[in-house]
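# Secondary and tertiary structure notes
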Amino acid sequence: MNMNTLARGERWMTPAEKRLNRRFVTRVARQLRARGVADSPMLCLRIGDVAVTWILARRLEAALAPDPAAQSPAVATPAQADAIGKNRERLRKSVKELEEFCERNGAPVETGLADIVRPMLRNVEGAGLFSPDR
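Residues numbered from 1 in each chain as written. Predicted model: local features only at pLDDT ≥ 70, side-chain atom pairs only at ≥ 80, totals over all residues. Heavy atoms only, no water.

### Some thoughts on helix 2 (residues 15-34)
Stated precisely, the cut-off is as follows: Strands are runs of DSSP state E lasting at least two residues, helices are runs of H or I lasting at least four, and both sets are numbered from the N terminus onward. In a helix, the anticipated span is given by 1.5 Å times the number of residues less one. For every residue, the accessible area obtained with a 1.4 Å probe (protein chains only) is divided by the maximum for its type, and the residue is called buried under 20%, exposed over 50%, and partly exposed between those limits.
Over its 20 residues, helix 2 runs 29 Å from end to end, which matches the ideal 28 Å to within 8%, given 1.5 Å per residue. Those residues of helix 2 not exposed but buried are Ala-16, Glu-17, Leu-20, Asn-21, Phe-24, Val-25, Val-28, Ala-29 and Leu-32. Gly-36 lies just past helix 2 and shows a positive phi near 85°.

### Things to note about the side chain of Ser-94
For clarity, the threshold we go by: Note on contacts: a residue pair qualifies if any of its non-hydrogen atoms lie within 4.5 Å across the two residues.
With respect to the secondary-structure elements, Ser-94 resides in helix 4 (residues 78-104). Apart from the residues within four sequence positions on either side, Ser-94 is in contact with Asp-49, Val-50 and Thr-53.

### Focus: the side chain of Thr-53
Note that Thr-53 resides in helix 3 (residues 41-62). For Thr-53, the contacting residues outside a window of four places in its chain are Asn-87, Arg-90, Leu-91 and Ser-94.

### Thoughts on the packing of helix 2 against helix 3
Each pair of packed helices gets described by two things: the angle between the helix axes and the distance between those axes. For the record, the criterion: Axis lines are fitted to C-alpha atoms, over the contacting stretch for helices. Their N-to-C directions set the angle, which ranges from 0 to 180 degrees. By definition, any crossing whose near helix is turned counterclockwise from its far helix by less than a right angle is left-handed, and any crossing with a clockwise turn is right-handed.
Viewed as axis vectors pointing N to C, helix 2 and helix 3 meet at an angle of 140°, and their least axial separation amounts to 10 Å. For the pair helix 2 and helix 3, the sense of crossing is right-handed. Between helix 2 and helix 3, the residues in contact are Glu-17, Leu-20, Asn-21, Phe-24, Val-25, Val-28 and Leu-32 and Leu-43, Ile-47, Val-50, Ala-51, Trp-54, Ile-55, Arg-58 and Arg-59, respectively.

### A short note on the packing of helix 3 against helix 4
Here is the rule: For classification purposes, angles smaller than 35 degrees are called roughly parallel, those larger than 145 roughly antiparallel, those between 65 and 115 roughly perpendicular, and all remaining angles oblique. As a working rule, the residues Ala, Val, Leu, Ile, Met, Phe, Trp, Tyr, Cys and Pro are called nonpolar, Asp, Glu, Lys and Arg charged, and the rest polar, with Gly in that last group.
Helix 4 packs onto helix 3 with a crossing angle of 160° between their chain directions and a minimal axis gap of 9 Å. In terms of their interaxial angle, helix 3 and helix 4 are classed as roughly antiparallel. The hand of the helix 3/helix 4 crossing is left-handed. Of the residues assigned to the contact of helix 3 with helix 4, the class counts are 15 nonpolar, three polar and seven charged.

### Here we look at the pattern of salt bridges
For the record, the criterion: For salt bridges, the criterion is a side-chain nitrogen of Lys or Arg within 4 Å of an Asp or Glu carboxyl oxygen.
By the definition in use, this model includes nine salt bridges. A salt bridge links Arg-90 to Asp-49; the shortest N-O distance between them is 2.3 Å. With Arg-90 in helix 4 and Asp-49 in helix 3, this pair connects stretches of sequence that are 41 residues apart. As a salt-bridge pair, Arg-90 and Glu-97 come within 3.5 Å of each other at their nearest N and O atoms. Here Arg-90 falls in the partly exposed class, since its relative accessible area comes to 29%. On the accessibility criterion, Glu-97 (18% relative accessible area) is buried. Through salt bridges that share partners, Arg-46, Asp-49, Arg-90 and Glu-97 make up one connected network.

Written out as structure tokens, the structure is:
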């Protein structure tokens, strides 16, 4: 596996999710290369774990989007709330594992991956790729 393969996304992803995945993977890879982190299969697995977990979190949370025809907001069932919470915890763990991987491989990320990823997420959000209907 390499970054190009990872950037293509998975078969089960929608076209919008594939675009989001491609932008995420290429931008994270660019940031890590700029900080001296060498490409490796383990790095690809870590980045892929973050990307897939993030996309799954988006899918789970999209079910909570209010229906425009309804007069009240969507309410999560206990099962939905549990699944969202577990997925969010897995996302935090994936980011932490990626940061630790970078530190162990001789190229620490000075500001933390979350600080690097946050501006990218804002850019993607501004492009309309975060909306649940896409």
